[in-house]
Amino acid sequence: MRFLTKEVYSSIASRKMDSSHANLISEAYQKEFEKQNIDSEIPQQLIRLHDQEIEQLILTEDHTMVLRFKDYGWGADQLVLHNAKVLTMDCWPEDLHWLYHELFRAKRNKNEYELHILLSGRGFSAYDLIVQCKTIELKMNQK
């Protein structure tokens, strides 16, 4: 994470830091995001994943990463990251909740993305999952 780090999240969640700080961080991220020139529906689709529980992470030989979310009866969303390269994975993300994300153009290859995901566990614990990938595809309500 570049803006809302797991340390900041833990401080806000445990009320050691005022939540208005999160608003300032969100505004700073939005300004940076606008500079990224990401013209697609991906950013709006990713909002759908907020608070969803990751049921399974699949890494394939062709460098595809699939995050399958828990099915609550209407089908499970799946996030498919093509040509995925894990940059940071604090822990295996299964059974964790998608809390927040930041999306950027990759630093070295502007034709790729860096997806920074803040995951939450029990209590105030938070974990980073950062993936660089060529394309991002959200498959909704998969049975």
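First things first, this report covers the structure right here in the doc. (Residues numbered from 1 in each chain as written. Predicted model: local features only at pLDDT ≥ 70, side-chain atom pairs only at ≥ 80, totals over all residues. Heavy atoms only, no water.)

## Some thoughts on the pairing of strand β7 (residues 126-133)
Here is the rule: Each residue is placed in one exposure class: buried if its accessible area under a 1.4 Å probe, protein chains only, is under 20% of its type's maximum, exposed if it is over 50%, and partly exposed if it falls in between. We count a stretch as a helix when DSSP gives it H or I for four or more residues in a row; a strand needs E for two or more, and each element gets its number in order from the N terminus. If DSSP finds at least two bridges between two strands, the strands pair.
With 7 of its 8 residues buried, β7 lies for the most part within the structure. Of the pairings in the sheet, the one linking strand β4 (residues 85-89) to β7 comprises 4 bridges and is antiparallel in character. Bridging from a neighbouring strand, T88 pairs with I130 of β7. When strand β6 (residues 113-120) meets β7, the two strands line up antiparallel, connected through 8 bridges. Note on β7: the bridge partner recorded for H116 is I130. What sits between β6 and β7 in their antiparallel hairpin is a turn of 5 residues, with G123 showing a positive phi close to 65 degrees.

## Topic: the pattern of salt bridges
Stated formally: Within this document, salt bridges are pairs made up of a side-chain nitrogen of Lys or Arg and a carboxyl oxygen of Asp or Glu, the two lying within 4 Å of each other.
As enumerated under the stated definition, the model contains 5 salt bridges in all. One salt bridge connects R2 with E114, and the closest N-O pair in it is separated by 3.3 Å. Taken as a pair, R2 in the segment before α1 (6-13) and E114 in strand β6 lie far apart in primary sequence, 112 residues in all. Between K6 and D90 there is a salt bridge whose closest N-O contact spans 2.5 Å. Residue K6 is located in helix α1, and its partner D90 is located in the loop between β4 and β5 (97-105); the two are separated by 84 residues in the primary sequence.

## Some points on a nonpolar patch on the surface
Using the following cut-off: Excluding any residue in a salt bridge, patches collect residues exceeding 30% relative accessible area, merging like charges within 9 Å and nonpolar Val, Leu, Ile, Met, Phe, Trp and Tyr side chains within 5 Å. Throughout, the Shrake-Rupley method with a 1.4 Å probe supplies accessible areas, and for residues the shown protein chains are the sole cover considered.
A contiguous nonpolar patch, built from L59, V86 and W92 and spanning about 280 Å² of accessible area, is present on the exposed surface. With respect to the secondary-structure elements, V86 resides in strand β4. Residue classification places V86 among the partly exposed residues on the basis of a relative accessible area of 35%.

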